[in-house]
Amino acid sequence: MLKSSYQQSVLRSNLFVVWNELVKNIKSLLAYPAILVFWAVFPIFWFIPFILQGQAFVGGLESASFAQITGSGEYVPFIVIGAVLNSYVNTLLYGMGENIRREAYQGTLDYVLAAPCNKAYVLIGKALSESLSSTIFAASQLTISVLLFGMNLTLGVMLPVFFIVILLMLGLYGMSLILAALSLMYKQSYDLSQTIGYVFYIFAPVRYPVESLPTWAQIFGKLIPLTYALIIVRSFMLLGTNFSAVYFEVLALLIIDIVLLLAGFYLFSWMEEKTKKSGTISHH
Amino acid sequence: MNKNNKEHRLREVKCPTGFNWSNLKAELKAVWESNIKDWKIDFAYPVSFIRQLISPLVFLLPFLIYGLALVGGRYSPNLKQLVGTDDVVAFIFTGYIMMGFIGTAVWAMGFSIRRERWFGTLEAIYVTPSSRLGQVLGMALHSTVHQILGTIIQFIVIYLTFGLALKIEGILPALGIFALMMLALYGFGIVISALGLILKEGWVVSDSLYSIMMILSPVAYPLAVLPTVAQQASYLFPTAPALIGMRSFLIENYQPEVVGNVFLHLLALGAAWILFGIVVFRVTDVYVRKRGMLKKF
């Protein structure tokens, strides 16, 4: 009985940590409304050139070559879906590593890491706040795109899409945990996260089908969780397929998520111990 | 303390004023030293240096691969109808090499002041007896050379992978156009660096302006696909006339979308942007110092 009430208290405390970390990050985001508007609207401007390029090169809204490769010749929804899912990469991948780094800059990292709680819950709070903001930004971009480019969206397809987005976020959490761990140890993880961003930008099918790449690059692209998420979501939204048609991709995404999350948590705990011992936590 | 006092006079710093050869030499030295300082910082972070060198190529590749996937090959009949050439690779490459230089103006120049503030060296730079614009121009010189190196790598990789059919005799006039475009872009960059003095989150403005300029510039598509209002707005920025001018010198059979003297257009834009930039920078500089906002971020 005593043990059970103790466990309940620990659970409550941990949830309290998660909740407060979430609230702190959201407050910090709301303190800069210009940034909020920027991420909700401006990523659309980054893919408009691709849509204009399509109009110039094929003279309409459909490409026969695209249809041969992807099953759908409509390149506008292809680009929009790619850009919206890629916005999760921009916010989650850079956000988590930078979040830890920001604590160091603001001089609060020492206090966060010295707090008598499991650091995993601090990270879960950070991850949840990044997910929440990413989803708000993605929803805003998708809504503007639907209004601007006249895309057809059925609500029925949004539930499985949301499930895949959660799977994508889990994989990105794993990667960002690895980056956060490296940020603790080597401080300048910015270059590493930018380089990973470059890899995603070229090898994942954000702007073009993965089949357009050379074979070696396709193999490389298939190690990236975003590749599977894009293939699955486009199948749902553009081709109207269901889970049975893409079960292999869903399974592959799940496996990548598990590997990345395990590696991320292990690496973060290891680096945290190491930096505590070396006394370099607050260095930046 | 009495101003005629000898001790007071010894503590006075005589700032060079007026436009003469000696002052110009001193300012150019300050520009050069600012440029050298940035190269030293660059070389202190070799991974970052290499990443930035290959980034022009990384950002070009999606435009190329997407273009090839859309057309299903290298030649687009629709592009031929619009501008007279059907070579997708040459069209995108000649457009995209310019985009990096817009980044130079917006990011490197615009953020030169902001970066000094982060490093905690802005106040020290501000009290040196030299023009503040000299600091910005020094950083612009560094990033222009840096971007040129990245563009050379970009050119070599694209040439070896796809092969490029460009007119050799057009390179010299194209370089002239490039120089004029850079002049106007420097003016634009000075405006952005002034914004960096007053805005806490200046990167939002810089990135927004960069995104708008990217759409208004015919980098991966001809101006003809833009709505009329956007086409007219694009003439206010140097990239549209520069890209059209450079393509007409470099690409065989290219038919320029606009008629008129590109050189004169760019000269006028350059003068206007530089003048506007200097005025905005001066006003902002005085405002920020009067308000004591120099150290705030």
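Residues numbered from 1 in each chain as written. Chains lettered and ligands numbered in written order. Predicted model: local features only at pLDDT ≥ 70, side-chain atom pairs only at ≥ 80, totals over all residues. Heavy atoms only, no water.

Caption draft 1: View of the overall build of chain A. Regarding its fold elements, chain A presents 12 helices and 0 strands. When its helices and strands are written in sequence order, chain A yields α-α-α-α-α-α-α-α-α-α-α-α. Taking 2.2 N^0.38 as the reference for a compact globule, 284 residues should give roughly 19 Å; the C-alpha atoms of chain A span a radius of gyration of 20 Å, in line with that estimate. When its C-alpha atoms are laid out on the principal axes, chain A stretches across 65 × 45 × 40 Å. Among the 284 residues that make up chain A, the fraction classed as buried is 52%. For chain A, the proportion of contacts with a sequence separation of at least 24, taken over those separated by at least 6, is 76%. Looking at chain A as shown, the accessible area adds up to about 13,300 Å², and 69% of this sits on carbon and sulfur atoms. (Helix = DSSP H or I, 4+ residues; strand = E, 2+ residues; numbered from the N terminus. Rg over C-alpha atoms; globule rule 2.2 N^0.38 Å. Buried < 20%, exposed > 50% of the residue type's maximum accessible area, 1.4 Å probe, protein only. Contact = heavy atoms within 4.5 Å. Areas by Shrake-Rupley, 256 points an atom, 1.4 Å probe, with all protein chains shown as cover.)

Caption draft 2: Looking closely at the overall build of chain B. Per the secondary structure count, chain B includes 13 helices and 0 strands. Partitioning the intrachain contacts of chain B with sequence separation of at least 6 by distance along the chain shows that 79% fall at a separation of at least 24. Here chain B displays about 14,400 Å² of accessible surface, and carbon together with sulfur accounts for 68% of that area.

Caption draft 3: Here's a closer look at the packing of aromatic side chains. Counted by the stated rule, this structure contains 28 aromatic pairs over all chains. Taking 5.1 Å as the distance between ring centres and 70 degrees as the angle between the ring planes, the aromatic pair formed by Phe236(A) and Phe243(A) counts as edge-to-face. Looking at Arg234(A), its charged tip hangs above the ring of Phe78(A), at a distance of 3.5 Å from the centre. The ring of Phe91(B) is capped by Arg247(B), whose NZ or CZ atom sits 3.7 Å from the centre of that ring. (Phe/Tyr/Trp six-rings, centres within 6.5 Å; stacked < 30°, edge-to-face > 60°. Lys NZ or Arg CZ within 6 Å of the ring centre and 35° of its normal.)

Caption draft 4: Layout of the interface of chain B and chain A. If you look at the interface, chain B gives 38 residues, while chain A gives 37 residues. Both sides together, the interface formed by chain B and chain A hides about 3,300 Å², and carbon and sulfur atoms give 76% of it. Counting the surface chain B buries against chain A, the share from its top three residues, Arg51(B), Tyr66(B) and Leu70(B), is 23%. Taken together, chain B and chain A are joined by 0 salt bridges. Seen at the junction of chain B and chain A, the total is 10 residue pairs in polar contact (both at pLDDT 80 or more). Only helix H3 (46–71), helix H4 (77–83), helix H5 (88–109) and helix H10 (202–216) of chain B provide two or more residues apiece to the side of chain B that touches chain A. (Buried area = accessible area lost by both parts, 1.4 Å probe. Salt bridge = Lys/Arg side-chain N within 4 Å of Asp/Glu carboxyl O. Polar contact = N/O pair within 3.5 Å; in protein donor to acceptor, adjacent residues only side chain to side chain.)

Caption draft 5: How the structure looks around helix H12 (residues 239–250) of chain B. Residues and elements named next belong to chain B. Here H12 contains 12 residues, and its C-alpha end-to-end distance of 16 Å stays within 8% of the 16 Å for a straight helix at 1.5 Å per residue. The buried fraction of H12 amounts to 10 of the 12 residues, a majority that puts the element mostly inside the structure. Looking at H12, one finds that the buried residues are Thr239, Ala240, Pro241, Ala242, Leu243, Ile244, Gly245, Met246, Arg247 and Leu250. (Expected span 1.5 Å × (residues − 1).)

Caption draft 6: Focus on the pattern of salt bridges. Following the criterion strictly, the structure yields 5 salt bridges over all chains and no others. The salt bridge involving Glu21(A) is made with Lys126(A); its shortest N-O contact spans 2.9 Å. With a gap of 105 residues between them, Glu21(A) in helix H1 (residues 2–30) and Lys126(A) in helix H7 (residues 119–149) connect regions that are remote in the sequence. With relative accessibility at 7%, the residue Glu21(A) sits in the buried group. The salt bridge partner of Asp87(B) is Arg74(B), with a shortest N-O separation of 2.9 Å. A residue pair is termed long-range when its members are at least 10 positions apart, and Asp87(B) in the loop between H4 and H5 and Arg74(B) in the loop between H3 and H4 qualify at 13 residues. On the basis of relative accessible area, Arg74(B) is assigned to the buried category, the value being 18%.

Caption draft 7: The side chain of Thr85(B), seen in detail. All names here are of chain B. Following the sequence through the fold, Thr85 ends up in the loop between H4 and H5. By relative accessible area, Thr85 is classed as buried at 5%. Only 3.4 Å separates the side chain of Thr85 from the backbone nitrogen of Asp87, close enough to count as a polar contact. The contact partners of Thr85, leaving out residues within four places of it in the chain, are Leu79, Lys80, Ile251, Glu252, Asn253 and Tyr254.

Caption draft 8: Representation of a nonpolar patch on the surface within the structure. A cluster of nonpolar side chains, namely Trp32(B), Leu141(B), Val145(B), Ile148(B), Leu149(B), Ile152(B), Phe155(B), Ile156(B), Tyr159(B) and Leu160(B), defines an oily patch on the protein surface of about 910 Å² accessible area. Looking at Leu160(B), the relative accessible area reads 68%, which means it is exposed. (Patch = residues over 30% accessible without salt bridge, like charges linked within 9 Å, V, L, I, M, F, W, Y side chains within 5 Å.)

Caption draft 9: How the structure looks around the packing of helix H2 (residues 21–44) of chain B against helix H8 (residues 132–161) of chain B. Residue and element names in this part refer to chain B. Running from amino to carboxyl end, H2 crosses H8 at an angle of 50 degrees, the nearest separation of the two axes being 7 Å. For the element pair H2 / H8, the angle class is oblique. Between H2 and H8 lies a crossing of right-handed hand. For the pair formed by H2 and H8, the contact residues are Val31, Trp32, Ser34, Asn35, Lys37, Asp38, Trp39 and Asp42 on the first element and Gly134, Gln135, Leu137, Gly138, Met139, Leu141, His142, Val145, His146 and Leu149 on the second. Residues of the contact of H2 with H8, tallied by class, amount to 8 nonpolar, 7 polar and 3 charged. (Axes fitted to C-alpha atoms, helices over the stretch in contact; angles between N-to-C directions. Parallel < 35°, antiparallel > 145°, perpendicular 65-115°, else oblique. Left-handed = near helix turned anticlockwise from the far one by under 90°. Nonpolar A, V, L, I, M, F, W, Y, C, P; charged D, E, K, R; others polar.)

Caption draft 10: Here's a closer look at the environment of Lys37(B). Residues and elements named next belong to chain B. Structurally, Lys37 is set in helix H2. A C-alpha to C-alpha distance of 42 Å links Lys37 and Glu252, two positions 215 residues apart in sequence. Beyond its immediate chain neighbours, meaning those up to four positions away, Lys37 contacts Glu116, Ile125 and Met139.

Caption draft 11: Inspection of the confidence of the model for chain B at higher detail. Residues and elements named next belong to chain B. When pLDDT is averaged along chain B, the result is 83, and 90% of the positions lie at 70 or above. Between the elements of chain B, mean pLDDT differs from a low of 60, seen in helix H1 (residues 6–11), to a high of 91, seen in helix H11 (residues 228–234). Predicted complex metrics record ipTM = 0.83 and pTM = 0.82. (pLDDT = per-residue confidence, 0-100.)

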